[in-house]
Structures are given as C-alpha cells and as structure tokens.
Amino acid sequence: MRLAPRNARIAVVGAGWAGLAAAVELCAAGMRPVVFEAAKQIGGRARRVEFHGHPLDNGQHILAGAYHETLRVMKRVGADPERLFHRFPLEIEHALAGFRLALPESGNIFGKTLNLASAFFMAQGAPFDEKIAGARFVQSLKRRGFRLSEDCAASELYDRSGLRGKMRRYFWDPICLSALNTPPEKASAQILANVLRDTLDGAQSDTDFLLPATDMSALFPDAAAAFIDANGGELRVQRRVGALRPEANEIFIDEEAFGHVILAVAPQHALTLLESHAEARATVEILSTYAFETIGTVYAAYPEEIDLPARMRGMECDAPGSIGQWVFDRGRLDERNRGIFSFVLSSSANGWEEYDDDALASRLHRELETLLKCSLPAPRWTRVVRDRRATLSCRPKLQRPAAETPIAGLQLAGDYVYADYPATIESAVRSGVAAAARVVEKARAQ
Ligand SMILES: Cc1cc2nc3c(=O)[nH]c(=O)nc-3n(C[C@H](O)[C@H](O)[C@H](O)COP(=O)(O)OP(=O)(O)OC[C@H]3O[C@@H](n4cnc5c(N)ncnc54)[C@H](O)[C@@H]3O)c2cc1C
C-alpha cells in the first residue's frame, strides 16, 4: 500500500548501515523516505575505500552468524549473503603462541553443546584446568540466563570465574576486545554476556565467522541505495543536515518539513544536532558521557603470490614489544586484492597507538615475517587508517538513550542505540529496522 505523499514526508539523516536499513524497511512498507548523507559516499563507518586502485575498506570488518537482521536486510535488497561472505566455524588461532581453538563444522552428529565443550577441551596450547574453567564459565552464565546480578568490568567477571592463563590471554580477552571493541578491564561484562548468549548459546551457525568476500559497500550499502531508488525513496549525498527545527508537529530540515525524522548518525554527531533542544536534555546528558575506542587498520601490499595459510590469523604472542592482534589475507577473501594483507588493531595496552604510521607498518611487517617463518620483500605500499572514534567504549552500566525522543516525530537509530549490544553492524541495523517499524506504525495510525 502506498501512503499519501503528505504522510510519506519522512527523512532519514545518515546513510550508514543504520540509516540505510531504516530507509530500506520504509521503502519496503511503501513509504518514500528522503535520506540525507553528509559524506560523498554512503556506508558510514563500514564502507569501501580505494587504495592504489584496490577496493578495500575504511576498516576490516568481521561479522557473525548471529547477525540475523543484517543478513535479512541484505537479502531484502538482493545482496546474497551466501555469495558475499566466506562463512566458516569459529576458529581462533594465535600461531605465534601455539594456541588454537576451533569449532567443528555445524551439522555434525554431536550437536552444538558437545561441539562447544569439545572445542574447549581440544584447544591447543592451554592446560586442562584452564579449559575446564572456560566450560564452567559458559555453563554458569547459561544457568543464570546470561543475566548478571550487577554489571561490572569483563575482567572482574573473568577473575571471579577463574579464567586465567593462556585461555584468558588468547581466547577470552581477544573475544571481549573484538566483540565489544573495548579492552576487558573497561568493558561491560553484561554486554559481553549478551554477545555470548547470542553466539555460544545460539544455533551453532550463530558462532560462524562471516568474512566479506567483497568490499563493505558492495556488501549492503550499494544494493540498499539501488533498492531505495527503485522504490521511490531519495538519497541525497553531500547533504549535511545542519539543524533540526521542530515546529508544530513537523520537523524542518532547511526549508523542508517532515512528519518523521530518523536521526541515524554516530553519537557525537547526534549530540551536536540535539544539544540546542531543551526537550532532548536527557538524551544529550547521556551522549555527553560517551567515551570512544580507536581501531587501526594497516594495509600492506605484497607480491601477489604471498599469502597466509588461512583467511585470518591471530598474531598475539608473549614476545616483548609485539603489537600485532589480527591479520587478514585480503587476497584469499577477494581475488582483486591478492597479496594485500590487513592488520587490525583495537584499543589495547600494547602501545601500538604510540607508533607513527611508518614505524607501525614496519613493526607489523617484521611480526608477519615471524608468523610466516620467512623473510618477506618490503611491501609495495602500506596504508594506515586510524579511526579514533571507531565505536563508543562499551563500559559497565553504559546508559543508552531512548530511541523515541521527546521531540515529536524524531527517532534515534545507530549502533549506540540498540541497548542489548555493543556498537556493531548488527546493532546499527537492528536500531534502523526498529526505528522504521515505529515510523510505519505511527504513519499508518495518522
Ligand atoms: C575501523 C572499524 C572497524 C569495525 N569493525 C567492525 C566489525 O568487525 N564488526 C562489526 O560488527 N562492527 C565493526 N565496526 C563498527 C561498525 O562499523 C559500526 O558499528 C557501524 O558501521 C555504525 O553504523 P551507523 O549507521 O550506526 O553509524 P555510521 O556508520 O557512523 O553512519 C552515520 C552516517 O551519518 C552521516 N552523518 C553524520 N552527521 C550527519 C549530518 N549532520 N547530516 C547528514 N549525514 C550525517 C555520516 O557521514 C555517516 O555516513 C567497525 C568500525 C570501524 C570504524
């Protein structure tokens, strides 16, 4: 059913994954949103960036089988996850430390619970008591329905649960850092438990790693833009919204009036747009408390014949001064990028953020040589991308704003809004889908 044009005056501010997911859902419901995007390109913090003619990204992304809403909206716009991802069972291997933990393929005769237990017990490079502690930890979270009586730092929960030694160093700590993009000493144990609930306690395929077989824009944003266009929506790039002006029951963006606005920008940008509105004081107070975490991505282009033994490898080890965390072979993921490796560095205590770009690239080059046990030619080029506000810092008892603001017609979406999760693609998409559903309901009731 197409709605009358007046009701269809809906704006989405921001064409990251949250805003695009919202606009796609609105279009699918017969509405024609106008999407404003400040940048030249869409996709926000998960988008294609070309380096030396190669389709790479603003940062290496890894998704999980538990990203159900992301996979659903991808399918809606014709982006086929089967074709666009390499899907494989959870595998954490830090070869330099002699550590490996891997789940078997799903669908085998033992079933999920046994597979998980066997993955712990078969883990290489950790003593038996540490494996038992890991299995007990998951069981105890399960018994409590993954609810903690009080939120605390993930490291405190780990301490109380007897997680230590190599399993902690090479499995539990990296899981927390990668899932929440926040080091365990600062991370929310409750949000970590929520992630473990939806992965380790979901269907076994929910624990699968999904590595993009193409660049981040081709994964969803490009197809979403085509879907919006084909369904009567409008995407305006290089259109930064400078102010939202509520008047009577409408919100003005420049001289245009909208009955509904979904503000789908990063929290620091939402803060700028909301701080002059007295009604939004509670939201502004919450957003003002947010701290952020950095992610660094270092690309290095080697001769095409050089590859990793796998699509990704952990680089953590005990060698003094080592900084590597994860390395991805982009050529194994997408043959247009043969010979290109991406190193991912999340906020951590190992000091990588102090290195300048050249020192960082050459340090990682040496650590890659150690990992591959051979000397490598100097890369043809390297590129360091540091995003100092990659995501919000997912701290204990972190407050989230209500998605529905006191400003009539204004909804929030974005990776920081979906309260159950850390800031990820899935939380961005879920918040966008939820905001669109509320707008559809209200518009239909009008
Ligand atoms: C380097 C890096 C690596 C990451 N790795 C992972 C990962 O492995 N797995 C994972 O799940 N997540 C990962 N994330 C997080 C994930 O990318 C984000 O959570 C997600 O992309 C956020 O989407 P969003 O739509 O909420 O916000 P954004 O992507 O920030 O989108 C907001 C959009 O709004 C636009 N905008 C801002 N202000 C205005 C304005 N005034 N007017 C108009 N437009 C405006 C911006 O230009 C932007 O396009 C990573 C992030 C980074 C940076």
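Residues numbered from 1 in each chain as written. Predicted model: local features only at pLDDT ≥ 70, side-chain atom pairs only at ≥ 80, totals over all residues.

Chemist: Hey, could you run me through the overall build of the protein in this one?
Modeler: Looking only at helices and strands, one finds 15 helices and 20 strands in the protein. Its C-alpha atoms give the protein a radius of gyration of 22 Å, within 12% of the compact-globule value 22 Å for 446 residues. If one aligns the C-alpha atoms of the protein with their principal axes, the spans along those axes are about 65 × 50 × 45 Å. Relative to its 446 residues, the protein shows a buried fraction of 49%. Across the protein, every contact between residues at least 6 apart in sequence was considered, and the portion connecting residues at least 24 apart equals 73%. (Helix = DSSP H or I, 4+ residues; strand = E, 2+ residues; numbered from the N terminus. Rg over C-alpha atoms; globule rule 2.2 N^0.38 Å. Buried ≥ 20, exposed ≤ 12 C-beta atoms within 10 Å, placed from the backbone. Contact = placed C-beta atoms within 7 Å.)

Chemist: How should I be thinking about the sheet that holds strand 11 (residues 245–247) in this particular structure?
Modeler: Paired through their backbone hydrogen bonds, the strands of a sheet run either parallel or antiparallel. Spatial ordering of the open sheet is given by 11-12-13, a layout of three strands whose pairing is antiparallel. Of all the strands in the sheet, just strand 11 and strand 13 (256–258) have a single pairing partner and so form its edges. Strand-to-strand twist across the sheet, computed as the mean angle between neighbouring axes with direction ignored, equals 35°. (Pairing = 2+ DSSP bridges. Axes fitted to C-alpha atoms, helices over the stretch in contact; angles between N-to-C directions.)

Chemist: What is the right way to look at the nonpolar core in this model?
Modeler: The nonpolar side chains of soluble globular proteins are, as a tendency, buried together. Counting residues in each nonpolar core, the largest one holds 138 residues, and the members touching the most others are Ala22, Val24 and Leu192. Look past the residues within four positions of leucine 192 in its chain and what remains in contact with it is Ala154, Cys176, Ala179, Leu180 and Ala187. (Core = buried A, V, L, I, M, F, W, Y, C linked by C-beta atoms within 7 Å.)

Chemist: For this particular structure, what's the right way to read the site of the ligand?
Modeler: The immediate surroundings of the ligand are formed by 37 residues, with Gly14, Gly16, Gly44, Gly59 and Thr424 found nearest. Taken together, the elements giving at least two residues each to the shell around the ligand come down to helix 1 (17–28), strand 15 (292–301), strand 19 (381–392) and helix 15 (425–445). For the shell around the ligand, a count of residues per class yields 19 nonpolar, twelve polar and six charged. Among the domains, domain 1 (10–48 + 66–83 + 214–290 + 396–445) and domain 3 (292–392) are the pair contributing at least three residues each to the shell around the ligand. (Near = placed C-beta within 6 Å. Nonpolar A, V, L, I, M, F, W, Y, C, P; charged D, E, K, R; others polar. Domains from an automatic or database assignment.)

Chemist: Help me understand the pairing of strand 9 (residues 209–212) in this model?
Modeler: Sheet topology note: the strand 5 (residues 63–64)/strand 9 ladder contains two bridges and is antiparallel. Looking across to strand 9, one finds that leucine 63 is bridged to leucine 210. Looking at chain direction, strand 6 (residues 85–88) and strand 9 are connected through four bridges and run antiparallel. Each residue of the ladder has a partner; that of phenylalanine 88, found in strand 9, is phenylalanine 209.

Chemist: Would you mind going over unusual backbone geometry with me for this structure?
Modeler: Peptide bonds are mostly trans, and most non-glycine residues show a negative phi. Phi at glutamine 238 takes a positive value of approximately 55°, unusual for a residue other than glycine. Looking at where glutamine 238 falls in the secondary structure, it is placed in the loop between strand 10 (234–236) and strand 11. Residues other than glycine seldom take positive phi values, yet aspartate 254 does so here, at roughly 50°. Mapping aspartate 254 onto the fold places it in the loop between strand 12 (250–253) and strand 13. Classification of aspartate 254 as exposed rests on a count of 10 C-beta atoms within 10 Å.

Chemist: Would you mind going over the sheet that holds strand 5 with me for this structure?
Modeler: The three strands are arranged 5-9-6 in an open sheet whose pairing can be described as antiparallel. Strands with a single pairing partner mark the edges of an open sheet, and in this sheet they are strand 5 and strand 6.

Chemist: Quick question: what am I supposed to make of the domain arrangement of the protein here?
Modeler: By a widely used convention, the size of an interface equals the accessible area lost when the partners come together. When its domains are assigned, the protein resolves into domain 1 (10–48 + 66–83 + 214–290 + 396–445), domain 2 (90–207) and domain 3 (292–392). Each of domain 1 and domain 2 has a C-alpha centre, and the two are 32 Å apart. Looking at the side of domain 1 that touches domain 2 residue by residue, the class counts come to six nonpolar, no polar and two charged.

Chemist: Looking at this model, I keep getting lost on helix 7 (residues 165–180). Mind explaining?
Modeler: The α-helix winds at 3.6 residues per turn, so residues separated by three or four positions along the chain end up facing the same way. A rise of 1.5 Å per residue sets the reference length of helix 7, with its 16 residues, at 22 Å; its end C-alpha atoms lie 21 Å apart and thus fit the reference within 8%. In the structure, helix 7 departs most strongly from a straight axis at aspartate 173, where the bend amounts to approximately 30° and where the proline proline 174 lies between one and four residues downstream. With twelve of 16 residues buried, helix 7 is to be regarded as a mostly interior element. Within the span of helix 7, buried status applies to Met167, Arg168, Tyr170, Phe171, Trp172, Asp173, Pro174, Ile175, Cys176, Leu177, Ala179 and Leu180. Looking at the residues trailing helix 7, positive phi occurs at asparagine 181, about 50°. (Expected span 1.5 Å × (residues − 1). Bend = angle between axes of the 7 residues up to and from the residue.)

Chemist: Just to check I follow, could you spell out the environment of leucine 271 for this structure?
Modeler: As for its placement among the helices and strands, leucine 271 is situated in helix 11 (residues 267–274). Along the primary structure leucine 271 and isoleucine 286 are separated by 15 residues, whereas in three dimensions their C-alpha atoms are 9.3 Å apart. Setting aside its immediate chain neighbours within four residues, leucine 271 contacts Val284, Leu287 and Ser288.

Chemist: Is there a simple way to explain the confidence of the model for the protein in this structure?
Modeler: Low pLDDT marks regions whose predicted coordinates should not be analysed in detail. In the predicted model, the protein carries a mean pLDDT of 94, and the fraction of residues at 70 or more is 96%. The model gives residues 1–7 a pLDDT under 50, and that stretch makes nine contacts with residues more than four places away or in other chains. (pLDDT = per-residue confidence, 0-100.)

Chemist: Would you mind showing me how to read the pairing of strand 8 (residues 99–102) here?
Modeler: Successive side chains on a regular strand alternate, one facing one side of the sheet and the next facing the other. Taking every second residue as pointing to the same face, the buried face of strand 8 carries Phe99 and Leu101, while none of Arg100 and Ala102 on the other face is buried. Where strand 7 (residues 91–94) meets strand 8, four bridges bridge the pair, whose relative direction is antiparallel. From the neighbouring strand, glutamate 93 faces strand 8, where its bridge partner is arginine 100.

Chemist: Could you clarify how one ought to interpret the environment of leucine 63 in this entry?
Modeler: Note on placement: leucine 63 falls in strand 5. According to the C-beta neighbour criterion, leucine 63 is buried, with 21 such atoms within 10 Å. With eleven residues separating them along the chain, leucine 63 and histidine 52 place their C-alpha atoms 26 Å apart. Not counting residues within four places of it along the chain, the set of residues in contact with leucine 63 comprises Thr70, Leu210 and Ile425.

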